[in-house]
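As a plain string of letters, each chain reads:
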Amino acid sequence: MASRVGKGFGFGGKLCAVLIVAAVCGFVWAMVERGLGPSDLVRIFRQGSGEVAAAPDRTTPPPPPSSAKPHDPGPDPRPDPRPDPPRTADPKLYSASAMEALFRDVESRLRAGQIKEARDKVGQFNKLLVPPEQAAKFRDVEARATACHKLLLETSPGAAIPMPEMAEIVTASGTRGIFVKNLFESQDEIAYETLTGIRARTPRAQVRELTKLAEPGRRAAALDHELERLCQGRGVTVKRDPGAWTFAAGSSVPGLAFFDLADFCARNGHAPRLVPLFDEALRRDPSLLDTVHEAKADRMIDVLLYFVSLHAKEDAKTAYAILRARYRDTRAYREKVDTDADVTEAYLVLVGERVARATAPPPPEDPPVAPPPPPDPVGHPPPPPDPDPVQPDPPPSDEDPDAVKMGKTELPVGSPEAIFKLCAQGDASFDQAMKHLRRSDSTANPGGWAAENKKALELFSKAFDSYQAAQTEFDKAGLPVPSSLVKRFRDTTMSRALCRKRAVSSKK
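The rules behind the values
- Residues numbered from 1 in each chain as written.
- Predicted model: local features only at pLDDT ≥ 70, side-chain atom pairs only at ≥ 80, totals over all residues.
- Heavy atoms only, no water.
- Helix = DSSP H or I, 4+ residues; strand = E, 2+ residues; numbered from the N terminus.
- Contact = heavy atoms within 4.5 Å.
- Areas by Shrake-Rupley, 256 points an atom, 1.4 Å probe, with all protein chains shown as cover.
- Core = buried A, V, L, I, M, F, W, Y, C linked by side-chain atoms within 4.5 Å.
- Buried < 20%, exposed > 50% of the residue type's maximum accessible area, 1.4 Å probe, protein only.
- Expected span 1.5 Å × (residues − 1).
- Phe/Tyr/Trp six-rings, centres within 6.5 Å; stacked < 30°, edge-to-face > 60°.
- Pairing = 2+ DSSP bridges.
- Axes fitted to C-alpha atoms, helices over the stretch in contact; angles between N-to-C directions.
- Salt bridge = Lys/Arg side-chain N within 4 Å of Asp/Glu carboxyl O.
- Parallel < 35°, antiparallel > 145°, perpendicular 65-115°, else oblique.
- Left-handed = near helix turned anticlockwise from the far one by under 90°.
- Nonpolar A, V, L, I, M, F, W, Y, C, P; charged D, E, K, R; others polar.
- Patch = residues over 30% accessible without salt bridge, like charges linked within 9 Å, V, L, I, M, F, W, Y side chains within 5 Å.
- Arc of directions from axis to C-beta.
- pLDDT = per-residue confidence, 0-100.

**Student:** What's the story with the overall build of the protein in this structure? I'm lost.
**Tutor:** Helix and strand content of the protein: 16 helices and seven strands. Taking all contacts inside the protein whose residues are at least 6 apart in sequence as the whole, residues at least 24 apart take part in 64%. Entry remark: accessible area of the protein is about 29500 Å², with carbon and sulfur atoms responsible for 57%.

Structure representation (structure tokens):
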């Protein structure tokens, strides 16, 4: 009976209808509660999600419908809170007044001898911003400042140095104008270095007056006095302009002569005279840097030959260390050291080391590397260079060439009398040759070393003949040649060969 009632009443269908109506009403009520509209309902069904979307923030308007694809949210219509990056203004060319100020500043620094500062000032300017009408002048100013700085690096100090303390010596005979530096006084004598780099000692009894020049103006005047004297000796005339000096000479005076004068000023801290001398040197020799490098190599080789021929081992090693570090790329090193059998053998015998092979010079397009400070061409060679390219001149070598004692050739008892006479003659000539050789130091005797070297060469040749004849007498007597005579003959041969090479070099 119950089943018949259920069929007649339609309970199942009515229950489903009530559930559907309740679900619809609940859904509508939820939409009203959440503030959703018909469009939100459509979007929900399009996404195929059963979740009810979160209610939008009524404080901001809903975004407009977009035709973007589902995975592309499209541009954000809200304004970006970050400010736009500021636009950089296009670079402007330097003004004419700025360029003229640069040219005046650089010229002023060069006249004052502030060469590195002038080069750095030019380097601060951007070449791309130089006006076309000023480009040629800018290149000339830059090239001049750069060339002067490279030449400054080739001078003895390699940089601008302060003016040294100086003094004036008046001798007992009344000679004035002997200006010196690096003064050292003792009870018996006065040791000093002349402005040209010659070190000397004078007994106090021969010094009438010694005046120290404390004022910079007096020291500058003393340097100008010595500079004019050096110019006269080289055939260079000096014109004293109000702002600076200018230098001129005949066409036969090479650019290297003006560089040597500039080197004198650099070693004594006389900066205002550097650039005029550099300008004239470059005008006469555009490739002056190469010329100076070769000339310094020649001078250092002469110093090496001097010490090797004198059998001064430590000084020879020091001189060669400088030569190897700085001038292995020169033609002079390649021809006079590396490929010269006499020099390589003499150095090997004296020092016990072989000389290094010459290196090829760097290609012209490579940027020049700042060289280490070059050796003082008028002073004893300094110790091997430090990594720092700027350093003061080192003190002279502690080894005194006069202390080299060769002694007499020792002969076996019972040797023929003729051999004793020949060896005595050879020893006398050898000793006299060594005395003249010691006075042939081109750094301490720049004006007379060649003549002293010539005398030494003549005496070494006489000693060579005597020792050779003594060896012949030993052969005739059927006796072995003693090692002392062989060593003395070898030393004489090496010294004679090196003196001959120095004599040839001095004639060039």
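Now, onward.
**Student:** Sorry, what's going on with the nonpolar core here?
**Tutor:** Soluble globular proteins tend to pack their nonpolar side chains together in the buried interior. In terms of nonpolar packing, the biggest core is built from 49 residues, with Val308, Tyr320, Leu323, Leu437 and Phe460 touching the most fellow members. For this core, the elements supplying multiple residues, two or more each, are α10 (288-309), α11 (313-327), α12 (331-338), α13 (341-351), α14 (417-438), α15 (449-476) and α16 (483-506). In contact with tyrosine 320, not counting residues within four places along its chain, are Leu304, Tyr333, Tyr347, Val355 and Ala356. Val122, Leu213, Phe259 and Ala266 belong to the second largest nonpolar core, which has 44 residues in total.

**Student:** What is the right way to look at α10 in this model?
**Tutor:** One full turn of an α-helix is made of 3.6 residues, so residues set three or four places apart face in the same direction. The terminal C-alpha atoms of α10 lie 31 Å apart, and with 22 residues this matches the ideal 32 Å at 1.5 Å per residue to within 8%. Burial analysis of α10 places 16 of its 22 residues in the buried class, the great majority of the element. Once α10 finishes, histidine 311 follows within two positions and takes phi at roughly 65 degrees, a positive value.

**Student:** What am I meant to see in the packing of aromatic side chains here?
**Tutor:** Remark: the centre distance and the inter-plane angle together describe each pair of aromatic rings, the angle taken between the planes. Under the criterion given, the structure shown has seven aromatic pairs. On the basis of an interplanar angle of 45 degrees and a centroid distance of 4.6 Å, the ring pair of tyrosine 94 and phenylalanine 125 is categorised as tilted. In this pair, tyrosine 94 is assigned in the loop between α3 (38-47) and α4 (96-111) and phenylalanine 125 in the loop between α5 (115-123) and α6 (135-154), connecting sequence segments 31 residues apart. When its relative accessible area of 23% is taken as the criterion, tyrosine 94 is described as partly exposed. The class of phenylalanine 125 is buried, set by a relative accessible area of 18%. Arranged with centres 4.9 Å apart and planes meeting at 45 degrees, the rings of tyrosine 320 and tyrosine 347 form a pair that is tilted.

**Student:** Got a minute to help me understand the sheet that holds strand β5 (residues 207-213) in this structure?
**Tutor:** What holds strands together in a sheet is hydrogen bonding between their backbones, with the strands either parallel or antiparallel. Read from one edge of the open sheet, five strands run β4-β3-β2-β1-β5, paired in antiparallel fashion. Because the sheet does not close on itself, it has two edges, and the strands there are β4 (199-203) and β5. Strand-to-strand twist across the sheet, computed as the mean angle between neighbouring axes with direction ignored, equals 45 degrees. Here strand β1 (residues 166-171) runs beside strand β2 (residues 178-185); their pairing, made up of four bridges, is antiparallel. Paired with isoleucine 169 across the two strands is isoleucine 178, which belongs to β2. Along the sheet, helix α7 (residues 216-233) makes contact with β1, β2 and β5, crossing β5 at roughly 120 degrees.

**Student:** Teacher, can you tell me more about the environment of aspartate 491 here?
**Tutor:** Locating aspartate 491 in the fold gives a position in helix α16. Sequence spacing of aspartate 491 and histidine 311 is 180 residues, and the spatial spacing of their C-alpha atoms is 8.2 Å.

**Student:** Would you take a moment to explain the pattern of salt bridges for this structure?
**Tutor:** A side chain with one charge can pair with a side chain of the opposite charge if their charged atoms come near. Taken as a whole and judged by the stated rule, the model has 31 salt bridges. The salt bridge involving arginine 229 is made with glutamate 226; its shortest N-O contact spans 2.2 Å. Here arginine 229 and its partner glutamate 226 are both found in helix α7, three residues apart, which amounts to about one turn of the helix. Relative accessible area serves as the criterion here: at 45%, arginine 229 is assigned to the partly exposed category. Of the charged contacts, one joins aspartate 342 and lysine 501 as a salt bridge, the two residues approaching to 3.7 Å between their closest N and O atoms. In this pair, aspartate 342 is assigned in helix α13 and lysine 501 in helix α16, connecting sequence segments 159 residues apart. For aspartate 342, a relative accessible area of 39% corresponds to the partly exposed category. Shared partners join several salt bridges into a network, and the residues in it are Glu107, Arg111, Arg144 and Asp279.

**Student:** Honestly, the packing of α11 against α13 in this entry has me stumped. Any pointers?
**Tutor:** Any two packed helices are characterised by the angle at which their axes cross and by the distance between the axes. Across the interface, α11 lies against α13 with an axial gap of 10 Å and an inter-helix angle of 125 degrees. On the basis of their axis angle, the class for α11 and α13 is oblique. α13 is crossed by α11, and the crossing has left-handed handedness. On α13, the residues that touch Lys313, Ala316, Lys317 and Tyr320 of α11 are Tyr347, Leu350 and Val351. Class assignment for the residues of the contact of α11 with α13 results in five nonpolar, no polar and two charged.

**Student:** How should I be thinking about a nonpolar patch on the surface in this particular structure?
**Tutor:** Taken together, the side chains of Ile20, Val24, Phe27, Val28 and Val32 present a nonpolar region at the surface, about 450 Å² in accessible area. Among the structural elements, valine 28 can be located in helix α2 (residues 11-34).

**Student:** Just to check I follow, could you spell out the pairing of β1 for this structure?
**Tutor:** Look at any regular strand and the pattern is simple: side chains alternate between the two faces of the sheet. With six of its six residues buried, β1 lies for the most part within the structure. Connecting the antiparallel pair β1 and β2 is a turn made up of six residues, with glycine 174 showing a positive phi of about 95 degrees. Bridge analysis of β1 against β5 gives six bridges, and the strand direction is antiparallel. If you follow glutamate 168 over to β5, its bridge partner there is threonine 211.

**Student:** What am I meant to see in α4 here?
**Tutor:** The first and last C-alpha atoms of α4 sit 23 Å apart over 16 residues, in line with the 22 Å expected at 1.5 Å per residue. For α4, every residue scored as buried is listed here: Met99, Leu102, Phe103, Val106 and Leu110. Angularly, the buried residues of α4 cover 95 degrees about the axis, an arc narrow enough to put them on a single face. The exposed residues of α4 that point more than 90 degrees off its buried face are Ser97 and Arg104. Check the buried side of α4 and you find it contacts α5, α6 and α9 (274-284). Note on α4: the residue one or two positions beyond its end, glycine 113, has a positive phi of about 85 degrees.

**Student:** Which parts of the structure should I look at to understand unusual backbone geometry?
**Tutor:** As a rule of thumb, non-glycine residues mostly have phi less than zero, and peptide bonds are mostly trans rather than cis. Here the phi dihedral of asparagine 182 falls at roughly 50 degrees; this positive angle occurs in a residue that is not glycine. A positive phi is found at histidine 311, a non-glycine position, where the angle reads about 65 degrees.

**Student:** How should I be thinking about the confidence of the model for the protein in this particular structure?
**Tutor:** If pLDDT is low for a region, its predicted coordinates should not be looked at in detail. Averaged over every residue, the pLDDT of the protein is 80; the share at 70 or more is 77%. Of all helices and strands in the protein, the one with the weakest mean pLDDT is helix α1 (residues 2-9) (50), whereas α9 scores best (95). Here residues 49-55 scores under 50 on pLDDT; set against residues more than four positions off or in separate chains, the count is 12 contacts. This model gives residues 365-405 a pLDDT under 50, and the stretch forms 87 contacts once residues within four places in sequence are excluded.

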